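# Residue-level structure breakdown
Spelled out from the first residue to the last, the chains are:
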Amino acid sequence: MPTDESFTLPINVDPNVTPDAPKHAQPTIGLIGMGAMGRMYAKLLSQAGWKKILVCDLPEKYEKLKADFANSPGVQPQTDGHAVSRSSDYIIYSVEAEFIDRVVAQYGPSTKVNAIVAGQTPVGQPLVLIQHRSTKDALTLVENILRPFRSRFVYLTFEEHDSVTANTQAVTHAAFLSMGTAWASTESYPWEQGLYVGGIETAKVNLALRIYSNAWHVYAGLAILNPSARAQIHQYAKSASEMFKLMLSGGSGSLEDRAKFKERVEWARKTVFGERESISEEDDAAVAGETEKAEEDKGTSAPLTRSSRPPILLSATILDRFSLGKSQPPPPLTVPESPTTTSMSLPFSNLEPPPIYRPNSHLSLLAMVDCWAHLNINPYTHLSLAATPIFRLFLGVAEHLFQSPTLLRSAIHSALYDNWHRADDLEFVIAARGWSQCVSFGSFEVYRRRFEETRRFFEPRFEEGGRLGSEMIKAVMETEVKREEEERIRRGL
């Protein structure tokens, strides 16, 4: 981890202090902002044994704050941020990104001499520590204060943090925000129509509901305040638009037009996931007799990713346990005649889609992998470093599609020849463009209004979707944690 040797200012307490130390030897910890995250930090710090925790929220919430923490050892509510800042040795600003500049400007001048000032990060995920304009002793003190959280420490510069956050969160959120907005625009829950149900559709639906059930500002700050995130969200919308145009021209055009779409998908797959057999024009016929169930019966082949790691996603049949809807038998596939003089011999009698999962274009996934490829992002690089459960699952869904020749051929075939999802794909492209423009405007208010408009549509289904989504994430993450622990043991770490 890079250090700045030019900073030699002392800190106010022994950096090696622990919660077992006498009260007078402990640091005074200050929390400015007592929303969900601030309250969680206060609770965990109190449970860990720290005895001097000063907290504050808006002045009008002072009395309620006193009542709420009356029985929390060590937690002392203050009237405002000035009282917290002037007395604390370690200050954490736990404020919505929209207001952070204003709040720091208001209370920063009252900061105690030689105090350590920081922001906050969610608990339970890898906890990123950024030593910026501070000493090694300051870093040691922060480590000791936060060690009871039992999070794995990750050490980055602020530039690295922006890049990692953009790579693992911003674009993933944009994808699910776009899915949700597209579904809301059609005024229908996709799982109730029997069209997008089962298998990897289960993961997409549950994760979209999970994002919209949370507070809008959690995602707004990640997107608007991070320059790397803005660029990636723009590329995602561009990839979605370009892939959709290629789908349209290929489906109604010549063999050459269809080849352009397939070559674009194949290039993205090779760039992100590595080498394997390419998808040729003849693979349209290869769709015959291939089903997702048959693919599962054979077992998932080892993915040829850059990291050569096992696949993330559980089998599609296991994911079905967490589905909000039930699938309907899809109609037979039909391929329109080519407008060119070139004929294709296709065994229509065998062109039956998977009996359980209805093929569709999976445009959101094609666009994501295309986006990663254009930005030369290896999504596996930061997987164990700072990946959220949502990112792991979305990568797992993309990996599941792109690493299965059967599923990818079915998606390409459906993208080119099926018309039933065209309107939904169009809504998705419009939504992706809209979210990209929203982020480029840099307006938290526009972001909030757009988010909450979609949120209202899905709100009646949050309870059921939240329960199933949490169970799904738990099932996948337990497997991932075990796998990563085995990998660390194997590598002797």
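Here goes a summary of the coordinates provided.

Parameters and conventions
- Residues numbered from 1 in each chain as written.
- Predicted model: local features only at pLDDT ≥ 70, side-chain atom pairs only at ≥ 80, totals over all residues.
- Heavy atoms only, no water.
- Buried < 20%, exposed > 50% of the residue type's maximum accessible area, 1.4 Å probe, protein only.
- Helix = DSSP H or I, 4+ residues; strand = E, 2+ residues; numbered from the N terminus.
- Pairing = 2+ DSSP bridges.
- Right-handed = clockwise from strand over helix to strand, strands pointing away.
- Expected span 1.5 Å × (residues − 1).
- Phe/Tyr/Trp six-rings, centres within 6.5 Å; stacked < 30°, edge-to-face > 60°.
- Core = buried A, V, L, I, M, F, W, Y, C linked by side-chain atoms within 4.5 Å.
- Contact = heavy atoms within 4.5 Å.
- Axes fitted to C-alpha atoms, helices over the stretch in contact; angles between N-to-C directions.

Turning our attention to the pairing of strand β2 (residues 53–56). Of the two faces of β2, both are covered, the one formed by I53 and V55 as well as the one formed by L54 and C56. Pairing of strand β1 (residues 29–32) with β2 involves four bridges; the strand directions are parallel. Note on β2: the bridge partner recorded for I32 is C56. Crossover connection from β1 via helix α1 (residues 36–48) to parallel β2: handedness right-handed. Note that β2 and strand β3 (residues 75–77) share three bridges and pair parallel. Paired with L54 across the two strands is Q76, which belongs to β3.

Before going further, it helps to examine helix α18 (residues 422–441). Between its first and last C-alpha atoms α18 spans 29 Å; for 20 residues at 1.5 Å apiece the expected length is 28 Å, and the two agree. Within α18, the full set of buried residues consists of R422, D425, F428, V429, A431, A432, G434, W435, S436, C438 and V439. At the C-terminal side of α18, G442 shows a positive phi close to 70°.

A few words on the packing of aromatic side chains. Tallied over the entire structure, the rule returns 15 aromatic pairs. Geometrically, the ring pair formed by F153 and Y155 is edge-to-face, given 6.5 Å between the ring centres and 75° between the ring planes. Residue F153 is classed as buried on the basis of its relative accessible area, which comes to 17%. A centroid spacing of 6.4 Å and a plane angle of 75° characterise the contact between W183 and F458, whose relative ring orientation is edge-to-face.

Here the focus is unusual backbone geometry. For N114, which is not a glycine, the phi torsion comes out positive at approximately 70°. Tracing the backbone shows N114 in the loop between α4 (100–107) and β5 (116–118). Residue N114 is classed as partly exposed on the basis of its relative accessible area, which comes to 26%. The phi dihedral of N376 is positive, around 55°, even though this residue is not glycine. The topology assignment puts N376 in the loop between α14 (363–374) and α15 (383–386). Here N376 falls in the exposed class, since its relative accessible area comes to 58%.

Core analysis: the largest hydrophobic core is formed by 82 residues, its most contacted members being F261, W372, L401, Y447, F451 and F458. Ranked by residue count, the leading element in this core is helix α6 (residues 158–185), at 11 residues. Those residues within four positions of F458 in sequence are excluded, and the remaining contacts are G180, W183, A184, Y189, W191 and L209. Within the second largest apolar cluster, 29 residues are counted, among which are I11, V17, L139 and I145.

We now examine the environment of S87. Among the secondary structure elements, S87 is positioned in the loop between α3 (81–85) and β4 (90–93). Among all residues touching S87, those that are not within four sequence positions of it are T28, L54 and K112.

Here five strands make up an open sheet; going across it, the order is β3-β2-β1-β4-β5 and the pairing parallel. The open sheet has two free edges, formed respectively by β3 and β5, since each of these has just one partner strand. On average, adjacent strands in this sheet sit at an angle of 20° to one another, irrespective of strand direction. In this fold α4 packs onto β1 and β4, with an angle of close to 150° to the strand it touches most, β4.

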